[in-house]
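Structural characterization, general
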Amino acid sequence: MADSNPFAAAAASTPPRLEQVQELESRVLMRTYERIPLLAVEGKGPWLYDADGRRYLDFLAGIAVNALGYAHPRITRVLRDQGRRLIHLSNLYYHDYQGQLAERLNRLAGMERAFFANSGAEAIETAIKLARLHGRTITPDKFELVALENSFHGRTLGALSITGQPKYRQPYEPLLPGVRFVPLNDGNRLREAVNERTCAIIVESIQGEGGVFPAEPAFLQLAADLAREHRALLIFDEIQCGLGRTGKWFAFQATTVVPDLVTLAKPIAAGFPLSCVLGRGPAATLFQPGMHGTTFGGGPLACRLALEFLDIVEEDHLLENVQTMGNLLMEGLENIVRRHAQATTVRGRGLILALQLDRPARPVVEQAREMGLLINATHDSVVRLLPPYIIEARHVRQALKVLSRALRTVARGQKAS
Ligand SMILES: Cc1ncc(COP(=O)(O)O)c(C=O)c1O
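Calculation rules
- Residues numbered from 1 in each chain as written.
- Predicted model: local features only at pLDDT ≥ 70, side-chain atom pairs only at ≥ 80, totals over all residues.
- Pairing = 2+ DSSP bridges.
- Helix = DSSP H or I, 4+ residues; strand = E, 2+ residues; numbered from the N terminus.
- Axes fitted to C-alpha atoms, helices over the stretch in contact; angles between N-to-C directions.
- Buried ≥ 20, exposed ≤ 12 C-beta atoms within 10 Å, placed from the backbone.
- Domains from an automatic or database assignment.
- Contact = placed C-beta atoms within 7 Å.
- Nonpolar A, V, L, I, M, F, W, Y, C, P; charged D, E, K, R; others polar.
- Core = buried A, V, L, I, M, F, W, Y, C linked by C-beta atoms within 7 Å.
- Near = placed C-beta within 6 Å.

What links the strands of a sheet is backbone hydrogen bonding, and the strands pair in either a parallel or an antiparallel sense. Strand order across the open sheet formed by 7 strands is S4-S12-S11-S10-S7-S5-S6, with mixed pairing between neighbours. Only two strands of the sheet have a single neighbouring strand rather than two, namely strand S4 (113–117) and strand S6 (179–182). Direction aside, neighbouring strands of the sheet carry axes that sit 20° apart on average. Pairing analysis gives 3 bridges linking strand S5 (residues 144–148) to strand S7 (residues 198–204), with the strands arranged parallel.

Okay, the pairing of strand S14 (residues 352–357) next. For S14, the tally of buried residues reaches 5 of 6 residues, placing the bulk of the element in the interior. Two elements, strand S13 (residues 343–349) and S14, share 6 bridges in a ladder whose sense is antiparallel. Across the sheet, residue Arg-349 finds its bridge partner in S14, namely Ile-352. Between S13 and S14, which pair antiparallel in sequence order, lie 2 residues; one of them, Gly-350, sits at a positive phi of approximately 60°. Bridging between S14 and strand S17 (residues 382–385) involves 4 bridges; their strand directions are antiparallel.

Let us look at the domain arrangement of the chain. The parts lose accessible area when they come together, and the size of an interface is often stated as this lost area. Domain boundaries in the chain define domain 1 (36–65 + 317–416) and domain 2 (74–315). Inter-centroid distance (C-alpha atoms) of domain 1 to domain 2 is 27 Å. Between domain 1 and domain 2, the residue contacts involve 21 residues of the former and 20 residues of the latter. Looking at the side of domain 1 that touches domain 2, the elements with two or more residues in it are helix H3 (61–64), helix H12 (318–339), S13, S14 and S17. Among the residues forming the side of domain 1 that touches domain 2, the class breakdown is 11 nonpolar, 7 polar and 3 charged.

A word on the nonpolar core. Formed by 128 residues in total, the largest nonpolar core has its most connected members in Ile-201, Ala-223 and Cys-276. Ranked by residues supplied to this core, first place goes to helix H11 (residues 300–315) with 8 residues. For this core, the domains that each give at least three residues are domain 1 (36–65 + 317–416) and domain 2 (74–315). Non-local contacts of Ala-223, meaning those with residues more than four positions away in its chain, are made with Leu-190, Ile-201, Val-203 and Leu-234.

Taken together, 14 residues lie around the ligand, and Gly-120, Ala-121, Gly-154, Ile-239 and Gln-240 are the ones closest in. The greatest single-element share of the shell around the ligand, amounting to 3 residues, is contributed by helix H6 (residues 120–138). Partitioned by chemical class, the residues of the shell around the ligand number 5 nonpolar, 6 polar and 3 charged.

Laid out in structure tokens, this is it:
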């Protein structure tokens, strides 16, 4: 038996083989993921290494989680030190870091109070519950939510209920009642959808999984105006685009609009699971003890890692780096659009960028991986790039070179067949 178990092999310090891991997983895991055939063993900075010692420039960064790259020495130090002291506590007792982290995040976002959870979807559930509580303080039938078509808010039932993509929702229907969807940046449809029964409007400041479509400032302003007029909450989901990814702490800070609630997750604790909802005004004081909670949320290790993440972003001027590298990458992608017929447009801001193709993106993504670059295909024809904040100009140049070569190789292959 031991021979067929890759983890037994790893214990004996022989690296496991991809085929062994695939065979084991195919028997023992529920079939939720269609994995890429890459067996990762370690990472350093923006580089990921596989079991054969091949290295990949990772411009996907754990889907926007690994903003500091892999094995950041300051993160490793905190892991080691806090791991020796206190990893988990429960929310029954106090520890030193949750309050400090809430204060830091509130200050950065212009918010007043925080709730910590573990995943993006759990932060969204929390925001939905707050929206429901808010509605009930006004009238019992104020429970409708207005969300956007093509949005993605997570896989739990509440989060799916406001995710505007039938392919994720349909197998689990019926979902929460009273959700209306409107197209992104369509002010008229938004006006029609919001009414006195609306308890919240929820918007990704930049739709990430949906293909990197930014909400226009005027649309966000209209959402804020309608929310005020109809006494609904305005919720921004910045789980993918927040915490520095756009070159500002929060994507909404490129506008003058401030939401009542903002959800955060992915990069917050440098790869350790943590998420949060920040709130201001009445929305921040709706919960009373016992009304909401979670066992793992906001533990000492997670919060200390998040404090270190914020320190590193500040001390190493990473927001500025995101802007500079984002501009460089954007210019390079625009250049690719000029030179490659199958690439049509570039979208995004900072280091959340997309190259729109006129055909399926998957072959290009696979070819790029063969050539040592990790990127991702979303929404069939979109190449999404979410590199870590620590990248340098040489990494950007290399990524652009590989992407360009991958586009050329795939186009040549498609012409020949
Ligand atoms: C904008 C947004 N909201 C919510 C989620 C769900 O987060 P999680 O997968 O951590 O539950 C995601 C995940 O990609 C996301 O991009």
